[in-house]
Amino acid sequence: MTASVPDPSQRNDDADNGNGSRELVAPPYPTASFGGCRGQWRLFLTALGFFTRVPIPSWVGYSPEQLNAATRYFPLVGVFVGACVALLTVAMGHLWSPHLAIALGLGVSVLLTGAFHEDGLADSVDAFGGAFERERVLAIMHDSRIGTYGAVALWLALAVKWQALVDIQASVGWSGFAVVLIGAHAASRSMAISLLRVLDYVRPEGKAKPVAQRLSVGGLMFGVACSAPWWVWPDWRAGVTGALVLVVLRAGFIRYLRRRLGGYTGDTLGFAQQLGELALYLTVCTWI
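Residue positions are given per chain, counted from 1 along the sequence in the order it is written. Confidence filtering applies because this is a predicted model: local features only for residues at pLDDT of at least 70, side-chain atom pairs given and counted only at 80 or more, and all residues used for totals across whole chains, interfaces and linings. For the side-chain quantities, the full set of heavy atoms in the structure was used; hydrogens and water were omitted.

## Structural notes on the pattern of salt bridges
- Salt bridge, as used here, is a side-chain nitrogen of Lys or Arg placed within 4 Å of a carboxyl oxygen of Asp or Glu. One pass over the structure, following the stated rule, counts 4 salt bridges.
- A salt bridge links Glu118 to Lys161; the shortest N-O distance between them is 3.8 Å. Here Lys161 lies in helix H7 (residues 148–198) and Glu118 lies in helix H5 (residues 116–130), a separation of 43 residues in the sequence.
- Buried residues are those whose accessible area, probed at 1.4 Å on protein chains only, stays under 20% of the maximum for their type, while exposed residues exceed 50% and partly exposed ones sit between those limits. Here Lys161 falls in the buried class, since its relative accessible area comes to 3%. Put simply, DSSP H or I for four residues or longer makes a helix, DSSP E for two residues or longer makes a strand, and each gets a number counted from the N terminus.

## Some remarks on the environment of Ala122
- Note that Ala122 resides in helix H5.
- By relative accessible area, Ala122 is classed as buried at 4%.
- Residues Ala122 and Gly147, spaced 25 residues apart in sequence, show a C-alpha to C-alpha distance of 8.1 Å.
- Ignoring anything within four residues of it in the chain, the contact list for Ala122 reads Ile146, Gly150 and Leu154. Note on contacts: a residue pair qualifies if any of its non-hydrogen atoms lie within 4.5 Å across the two residues.

## Overview of unusual backbone geometry
- The phi angle at Ala115 is positive, at roughly 55°, despite the residue not being glycine.
- Of note, Ala115 is situated in the loop between helix H4 (98–113) and H5.

## Considerations on the confidence of the model for the chain
- Per-residue pLDDT for the chain has a mean of 86; in total, 85% of the residues score no lower than 70.
- Confidence scores here are pLDDT values: one per residue, from the predictor, ranging 0 to 100. Here strand E3 (residues 23–24) stands out as the least confident element of the chain, with mean pLDDT 39; H4 is the most confident, with 98.

## Let's talk about the packing of H7 against helix H10 (residues 266–287)
- Only the contacting stretch of a helix is used when fitting its axis, a line to C-alpha atoms as for every element, and angles between N-to-C directions run 0 to 180 degrees. Taken N-terminus to C-terminus, the directions of H7 and H10 make an angle of 145°; their axes are 6 Å apart at the nearest point. Between H7 and H10 lies a crossing of right-handed hand.
- In this count, Pro and Cys sit with the nonpolar residues alongside Ala, Val, Leu, Ile, Met, Phe, Trp and Tyr, while Asp, Glu, Lys and Arg are called charged and the others, Gly among them, polar. Tallied by class, residues from the contact of H7 with H10 come to 21 nonpolar, 6 polar and 4 charged. Whether a crossing is left-handed or right-handed is set by the direction in which the near helix is turned from the far one by less than a right angle, anticlockwise for left-handed and clockwise for right-handed.

## Focus: the environment of Leu195
- Note on placement: Leu195 falls in helix H7.
- Apart from residues lying up to four places away in sequence, Leu195 is in contact with Arg250, Phe253, Ile254, Leu257, Leu269 and Ala272.

## Concerning helix H9 (residues 236–260)
- Multiplying 1.5 Å by the residue count of a helix minus one yields the expected span of that helix. Spanning 25 residues, H9 covers 36 Å between terminal C-alpha atoms, matching the ideal 36 Å at 1.5 Å per step.
- Three or more residues of H9 are buried, namely Ala238, Gly239, Gly242, Ala243, Leu246, Phe253, Ile254, Leu257 and Arg260.
- In the core, the buried residues of H9 are packed alongside H5, helix H6 (134–142), H7 and H10.

## Some remarks on the nonpolar core
- To form a nonpolar core, buried Ala, Val, Leu, Ile, Met, Phe, Trp, Tyr and Cys residues must be joined to one another through side-chain atoms within 4.5 Å. One finds Leu165, Leu195, Leu257 and Tyr281 to be the most contacted residues of the largest nonpolar core, which totals 72 residues.
- Of all the secondary structure elements, the ones that give two or more residues to this core are helix H1 (36–51), helix H3 (74–93), H4, H5, H6, H7, H9 and H10.
- Broken down by element, the residue count for this core peaks at 18 residues, all from H7.
- The contacts of Tyr281, once residues within four sequence positions are left out, are Lys161, Ala164, Leu165, Ile168, Val180, Leu181, Ala184 and His185.

Put into structure tokens, the structure is as follows:
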């Protein structure tokens, strides 16, 4: 038996906070042990169920503590998402032109994740572009409606991704395209969870509240390790440069969040992932 989304599915698109924005509602699952291979597999499935629309077994369950413990697996979810999208895009590339296949692949990515990170991008850009006072920024970010800033940001992000991936595929072929796609999905999620190491969650409640505890050094290193193998090909120089770009981008983003909010929200984590992914594609494009 499977559930459509573990009860992170109570990462509910209609979760009732009065305005339709997604929040976590924890069902009464008992506290579980996460030791051993089965426990770690359970944590990976927890992360997979929260960040994608992939059905997972009902025995996985859900609790805020479980999601917090699963934080280290977020980049591995990126590997999974990137691999699925790459596989389907390459398959479609044998049926249609690369341009069309890559456009459809971006659609697959959005469907697979439920536009989870794109939602954070749009909400964050709307909020930061629409207000200066901290409380007003948080209020706009909490509003489920999309504004002009958010709509333009989404359009630009998808357009830049499409053109960058088209250029990458044309230069290094489908195999190089697949490696870059997987690496970008994994590394950008590593950058996003690294914010949990140094920033505090700024809301009393919210969709990222269960992962609001500070990420351990071991958890962060595991997330980075999930990204590292994908940096060496098709050009190790592009991989090393991409890593340096993410370090600089992370430092600037942390400084910006501290100045504007004093910490992070779930939306800004999605914003960070999208910025990291775009930065990596653009970095690879400078080397090809």
